[in-house]
Amino acid sequence: MKEKAGPVQKLYTRMRLWEFPDEYVIEPTDGSSASSSLSISLVDASMKLSDSIPECSSFRVPKIQMIFGVVGMLKLVAGSYLFVITERKCVGSYLGHPIFKIISLKVLPCVHSVKNSTPEQKKLENEFSRLLKVAERTTGLYFSYDTNLTLSTQQLYDLGNESKMLPLWRQAEPRFLWNSYMLEALIDKKLDPYLLPVVQGSFHNFQATIGKEIVDVTLIARRCTRRNGTRMWRRGADREGHVANFVETEQIIQINGFTSSFVQVRGSIPFLWEQIVDLTYKPKFEIVRPEQAPQIAERHFLDLRKMYGSVLAVDLLNKHGGEGRLSDMFSNAMQPIVSEDLRYLHFDFTKICGHVHFERLSFLYDQIADFLVKNGYFLLNEESEKMEQLGVVRTNCIDCLDRTNITQSMIARKILELQFRRIGVFAAEETISSHPKLDRCFRILWANHGDDISIQYAGTAALKGDLVRSGQRRVQGILKDRYISLKRYYLNNFSDGTKQDAFDLLQGHYKVSVGGDITPPSQKGGLEAIASFPLALCLVLIALLLTTMSLGQFGNDPRHLLFSVVWGSISVGIASFVRAKGRIFCNRPRLQLHDKPGY
């Protein structure tokens, strides 16, 4: 029997956190009626609502600070950890509702029980709690107290009256609810006014004038949590068809009483493949269980069709080398499942557009224009007369970042022009380029969007950002791209493993055992325990320095030629060893999910 929704209880927007020696107390201070304080025990993390604040004394002196939301709670080996928002920033509005970005996220430990834990449990707890410090630095988290950011404009409009009466966390689309797993510990306690839905992604908007009209343009990205992670450690799909770096992007305009939106998606190539880092600049692409590719692709696109209707898959991969093998596998996997409402199109972005001729994306638009016109966009006027978007373009390259963002921005530009003509703001041949301020703001909007998505997946801003921002490829932009590529290499090899563990812990992909035999995260032993890339690099540089010094002394003593050969051989040997044992020197995830098929 369907549960009947009661009156909506608003989320608390401002709270005072009292940190007592034995408990946390969260007191709403935003003037909400019938508000109760939430008490959380530091002994066993139990929670209860109270109408009063515990008394303070010389033995119970609390720390006090303002917080702006409860993100959730995570239970580890011997204790629980509460996530709260300590700093926020209003970044704009979504359909009239203020949208906030999390500037500072704090993890509060409830770990008095650690005192009674075994040494092994304490060691594990310390390791996991260090991952939570990494989680505190998670970027691109957004929320609203009044509306559900996990839903598109079209979905919000289609919500029934019954659904609109539910708490925001119950309205949320599970794929985009970043703190879904962390909310589980709070949901059973009937703490709806404290349960704040959070999304990871991007939020940017601007206003511009077109003649006498003012247009408000918003761009939202929603990152899927089903296969979340870092660039090299989350590739392809799992066995259920959930893909890495799946992001829903919605472009919304409001002008002259009209509201219109257009949704696109991006996501990794939907079958099992990986690219495990080994210190090489471009690790090899490995296709796992190729015989399962058609079934996994079918599951992925079935899920997309249920969500969005018709789907056009635009594949931007090269047709040579490792990318070519992946693209051929993708194409072959699609052949049995293409249909009237599922199309596949390959467009060799690098071959056709190169590094500067991005105007040639018009060739791609000519091939997909019929799909875009047929499936349309969401449009609503003041009389609530609407037109719905009936399908979605799904774009991918290898990382679903740089080429994908350029392509999506081109499609979004074309759709925006169609919307303006439909509303009557643009004449038949009028384009965004004919309005310099609008054009500049649009480019910056999409460049910022691309940077945000790239930072969350690869740790750096997007490549080719100067093209998206200015429409031109410049020398400074090319040099910046070289720097970004080197930074990505460093992060992929020596930083992203720990970050991947933090993601898996936060979102329940790795669940800590709290009873029975406890096995720690994969421990490094033998050579792996002492190997490090900085140490190896230092040894190589020292050997090269001694080689150079020996050669410099060759004129005074011929024996130095022998020394230079010895030191040179040592440096070459160390360098060869580092390359051969590259995976030892990398900062790999220790929770081992990447070693399991489908992860």
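Rules used throughout
- Residues numbered from 1 in each chain as written.
- Predicted model: local features only at pLDDT ≥ 70, side-chain atom pairs only at ≥ 80, totals over all residues.
- Heavy atoms only, no water.
- Helix = DSSP H or I, 4+ residues; strand = E, 2+ residues; numbered from the N terminus.
- Buried < 20%, exposed > 50% of the residue type's maximum accessible area, 1.4 Å probe, protein only.
- Contact = heavy atoms within 4.5 Å.
- Expected span 1.5 Å × (residues − 1).
- Pairing = 2+ DSSP bridges.
- Right-handed = clockwise from strand over helix to strand, strands pointing away.
- Axes fitted to C-alpha atoms, helices over the stretch in contact; angles between N-to-C directions.
- Polar contact = N/O pair within 3.5 Å; in protein donor to acceptor, adjacent residues only side chain to side chain.
- Parallel < 35°, antiparallel > 145°, perpendicular 65-115°, else oblique.
- Left-handed = near helix turned anticlockwise from the far one by under 90°.
- Nonpolar A, V, L, I, M, F, W, Y, C, P; charged D, E, K, R; others polar.
- Core = buried A, V, L, I, M, F, W, Y, C linked by side-chain atoms within 4.5 Å.
- Salt bridge = Lys/Arg side-chain N within 4 Å of Asp/Glu carboxyl O.
- Phe/Tyr/Trp six-rings, centres within 6.5 Å; stacked < 30°, edge-to-face > 60°.
- Lys NZ or Arg CZ within 6 Å of the ring centre and 35° of its normal.

The protein chain goes by Phosphoinositide phosphatase SAC6 isoform X1 in an unreviewed UniProt entry, where it is assigned to Gossypium hirsutum.

Trainee: So what's going on with the overall build of the protein chain? Residues and values would help.
Mentor: When helices and strands are counted, the protein chain shows 18 helices and 20 strands. Sorting the 599 residues of the protein chain into buried and exposed places 54% on the buried side. When contacts within the protein chain are restricted to residue pairs at least 6 apart in sequence, those whose partners lie at least 24 apart make up 68%.

Trainee: Could you give an account of helix α10 (residues 402-423), with specific residues and numbers?
Mentor: Relative to the 32 Å expected for 22 residues at 1.5 Å per residue, α10 spans 32 Å between its end C-alpha atoms, a close match to the ideal helical length. Remark: G424 follows α10 within two positions and exhibits a positive phi of approximately 100°.

Trainee: An account of the pairing of strand β16 (residues 310-315) is requested, with residue identities and associated values reported.
Mentor: The element β16 is extensively covered by neighbouring structure, given that six of its six residues are classed as buried. Where β16 lies against strand β20 (residues 391-396), six bridges are found, and the strand directions are parallel. Residue A313 lies in a different strand from β20, and its bridge partner there is R394. As defined by bridge partners, β16 adjoins strand β17 (residues 342-346) across five bridges and the pair is classed as parallel. By the bridge assignment, D315 is partnered in β17 with H346. Of the crossover connections in this fold, the one passing from β16 over helix α7 (residues 321-334) to the parallel β17 is right-handed.

Trainee: If you had to explain the sheet that holds strand β2 (residues 23-28) to someone new, which residues and values would you point to?
Mentor: If you trace the five strands from one edge of the open sheet to the other, you get β4-β3-β2-β1-β5, paired in antiparallel fashion. Edge strands, defined here as strands with exactly one partner in the open sheet, are β4 (47-50) and β5 (63-67). Put simply, the sheet's adjacent strands are angled 20° from each other on average, direction ignored. Alignment of strand β3 (residues 37-41) against β4, held across four bridges, turns out to be antiparallel. Bridged to L38 within β4 is L49.

Trainee: Give a detailed account of the side chain of T404, specifying residues and quantitative values.
Mentor: By secondary structure assignment, the location of T404 is in helix α10. Its relative accessible area of 0% is what places T404 among the buried residues. At a separation of 3.2 Å, a polar atom in the side chain of T404 contacts the main-chain amide nitrogen of C397. When neighbours within four sequence positions are excluded, T404 is seen to be in contact with R266, L316, T395, N396 and C397.

Trainee: Now, about the pairing of strand β6 (residues 70-75): what can you tell me, with residues and values included?
Mentor: Across the six residues of β6, five count as buried, placing the element largely inside the fold. Pairing between β6 and strand β7 (residues 80-94): five bridges, direction antiparallel. Bridging from a neighbouring strand, M73 pairs with L82 of β7. Here β6 folds back onto β7 in antiparallel fashion, the turn holding four residues.

Trainee: Give a detailed account of the packing of helix α9 (residues 361-375) against α10, specifying residues and quantitative values.
Mentor: Here α9 crosses α10 at 55°, and the two axes come no closer than 11 Å. Classified by the angle their axes make, α9 and α10 are oblique. Of the two elements, α9 crosses α10, and the hand of that crossing is right-handed. Every residue of α10 that contacts α9 at L361, L364, Y365, I368 and L372 is listed here: I406, T407, M410, I411, K414, I415 and L418. Looking at the contact of α9 with α10, its residues break down into ten nonpolar, one polar and one charged.

Trainee: Would you mind going over the nonpolar core in detail, with residue names and values included?
Mentor: Core analysis: the biggest nonpolar cluster contains 46 residues, and V215, I368, F420 and L438 have the highest contact counts within it. Contributions of two or more residues to this core are made by β10 (199-210), β11 (213-223), β12 (247-255), β16, α8 (349-353), α9, α10 and α11 (436-458). By residue number, the principal contributor to this core is α10, which donates eight residues. Leaving out residues up to four positions away in the same chain, L438 has contacts with F206, A208, I210, V215, F420, F426 and I432.

Trainee: Before we move on, can you summarise the packing of helix α1 (residues 119-135) against helix α14 (residues 496-506) with the specific residues and values?
Mentor: Interaxial distance between α1 and α14 falls to 9 Å at its minimum, and their mutual angle equals 95°. If you check the angle between α1 and α14, you find them roughly perpendicular. Residues F128, L131, L132, V134 and A135 of α1 touch α14, and the partners they reach there are T498, K499, D501, A502, L505 and L506. In the contact of α1 with α14, the residues fall into eight nonpolar, one polar and two charged.

Trainee: So, the pattern of salt bridges: which residues are in play, and what are the values?
Mentor: This structure, assessed with the given rule, holds 17 salt bridges. R16 is the partner of E27 in a salt bridge, and the nearest nitrogen-oxygen pair spans 2.8 Å. A residue pair is termed long-range when its members are at least 10 positions apart, and E27 in strand β2 and R16 in strand β1 (residues 15-19) qualify at eleven residues. The buried category is assigned to E27, whose relative accessible area is 19%. Among the salt bridges present, the one from D158 reaches K386, with a minimum N-O distance of 2.8 Å. Note that D158 is positioned in helix α2 (residues 153-158) and K386 in strand β19 (residues 386-387), a separation of 228 residues in sequence. Salt bridges linked by common partners bring D158, K386 and E388 together as one network.

Trainee: Before we move on, can you summarise the environment of I99 with the specific residues and values?
Mentor: For I99, the location among the structural elements is in strand β8 (residues 97-110). Along the sequence, I99 and F203 sit 104 residues apart, while their C-alpha atoms lie 8.5 Å from each other. In this structure I99 touches K89, C90, V91, G92, S93, Y94, Y142, F143, S144, T147, L149 and F203, once residues within four positions along its chain are discounted.

Trainee: If you had to explain the environment of P294 to someone new, which residues and values would you point to?
Mentor: With respect to the helices, strands and loops of the structure, P294 is situated in helix α6 (residues 293-308). P294 sits 23 residues away from F271 along the chain, and the two C-alpha atoms are 7.8 Å apart.

Trainee: Which residues make up the packing of aromatic side chains, and what are the values?
Mentor: Under the counting rule described, the total for this entry stands at twelve aromatic pairs. Centroid distance Y12 to Y194: 4.9 Å. Interplanar angle 75°. Geometry classified as edge-to-face. On the criterion of sequence distance, the pair formed by Y12 in the segment before β1 and Y194 in the loop between α5 (180-187) and β10 is long-range, its members being 182 residues apart. Accessibility expressed as a relative area gives 5% for Y12, which makes it buried. Pairing W18 with F20 gives two aromatic rings, centres 6.2 Å apart and planes at 5°, and the pair type is stacked. F20 shares its class with W18; the two are buried. A cation sits over an aromatic face here: R88 above F100, 4.7 Å from the ring centre. K414 extends its terminal NZ or CZ atom over the ring of Y365, reaching a point 5.1 Å from the ring centre.

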